[in-house]
Amino acid sequence: MAPRQVQITFDCADPRALSLFWCEVLGYQLDAPPPGFDTWDAALEAFGVPEERRNDASACGPVSGSGPRLFFQLVPEGKTAKNRVHLDVRAAPGLEGEERMAALEAECSRLVGLGASRLQRHEPAPPLSHGFIVMSDPEGNEFCLD
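All values derive from a computational prediction rather than experimental measurement.

Draft legend 1. Structural context of the pattern of salt bridges. Counted according to the given criterion, the structure contains ten salt bridges. Of the charged contacts, one joins Asp-146 and Arg-90 as a salt bridge, the two residues approaching to 3.3 Å between their closest N and O atoms. Taken together, the positions of Asp-146 in the segment after strand S8 (142–145) and Arg-90 in the loop between strand S5 (87–89) and helix H3 (97–113) put the pair 56 residues apart, joining distant regions of the chain. Under the relative-accessibility criterion, Arg-90 is labelled exposed at 54%. In this structure, Glu-123 engages Arg-121 in a salt bridge whose closest nitrogen and oxygen atoms are separated by 2.5 Å. Overall, the relative accessible area of 44% leaves Glu-123 in the partly exposed class. In the salt-bridge network here, residues are joined through shared partners; they are Glu-105, Arg-118, Arg-121 and Glu-123.

Draft legend 2. Fine view of the sheet that holds strand S6 (residues 117–122). Read across the sheet, four strands follow the order S5-S8-S7-S6 without closing on themselves; strand pairing throughout is mixed. Two strands lie at the open edges of the sheet, namely S5 and S6, each paired on one side alone. Here the strands of the sheet are splayed against their neighbours by 25 degrees on average, with no regard to which way each runs. Note that S5 and S8 share three bridges and pair parallel. By the bridge assignment, Leu-87 is partnered in S8 with Phe-143. Where helix H1 (residues 15–26) meets the sheet, it contacts S5 and S8, and its direction lies at approximately 40 degrees from that of S5. Relative to strand S7 (residues 132–136), H3 is tilted by about 10 degrees, and along the sheet it contacts S6, S7 and S8.

Draft legend 3. Highlighting the nonpolar core. Grouped together as the largest cluster of nonpolar side chains are 22 residues, with contacts concentrated most on Trp-22, Phe-72, Met-135, Phe-143 and Leu-145. The element that contributes the greatest number of residues to this core is H1, accounting for five residues. In contact with Met-135, not counting residues within four places along its chain, are Cys-108, Leu-111, Val-112, Ala-116, Ser-117, Arg-118, Leu-119, Asn-141, Glu-142, Phe-143 and Leu-145.

Calculation notes
- Residues numbered from 1 in each chain as written.
- Predicted model: local features only at pLDDT ≥ 70, side-chain atom pairs only at ≥ 80, totals over all residues.
- Heavy atoms only, no water.
- Salt bridge = Lys/Arg side-chain N within 4 Å of Asp/Glu carboxyl O.
- Helix = DSSP H or I, 4+ residues; strand = E, 2+ residues; numbered from the N terminus.
- Buried < 20%, exposed > 50% of the residue type's maximum accessible area, 1.4 Å probe, protein only.
- Pairing = 2+ DSSP bridges.
- Axes fitted to C-alpha atoms, helices over the stretch in contact; angles between N-to-C directions.
- Contact = heavy atoms within 4.5 Å.
- Core = buried A, V, L, I, M, F, W, Y, C linked by side-chain atoms within 4.5 Å.

Take it as geometry only, folks, not as evidence of what the structure does.
Pasting the structure below:
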């Protein structure tokens, strides 16, 4: 069997805003509009999509083509429970101890400035844990800085 591609889908209240947040977190870019259109607004206008429906979905992916595509879809209900699956953002690969935790703290501060919330810091507990920070995105989806 050929390898499969992975897309991670987020249910959310504001697809465009959440996709832009995750672009900043991961260094991703928004999906380009269809060929023949300079912007998504121009494409959606041409397709007859009413203005009030133009934020029903958004998507982004890695600039280099390496990594999963993220898809954001509008849903009417808000988040009600802890995520059963979450993203680990590898912000300090190869670092250990205080150097690692300092790098995670610096990234945490940057992401809080973008609208994330800091939830909990877990200190290193070798050999199983090298330390991480639990955060949530602007819509409350938990993720870890690892």
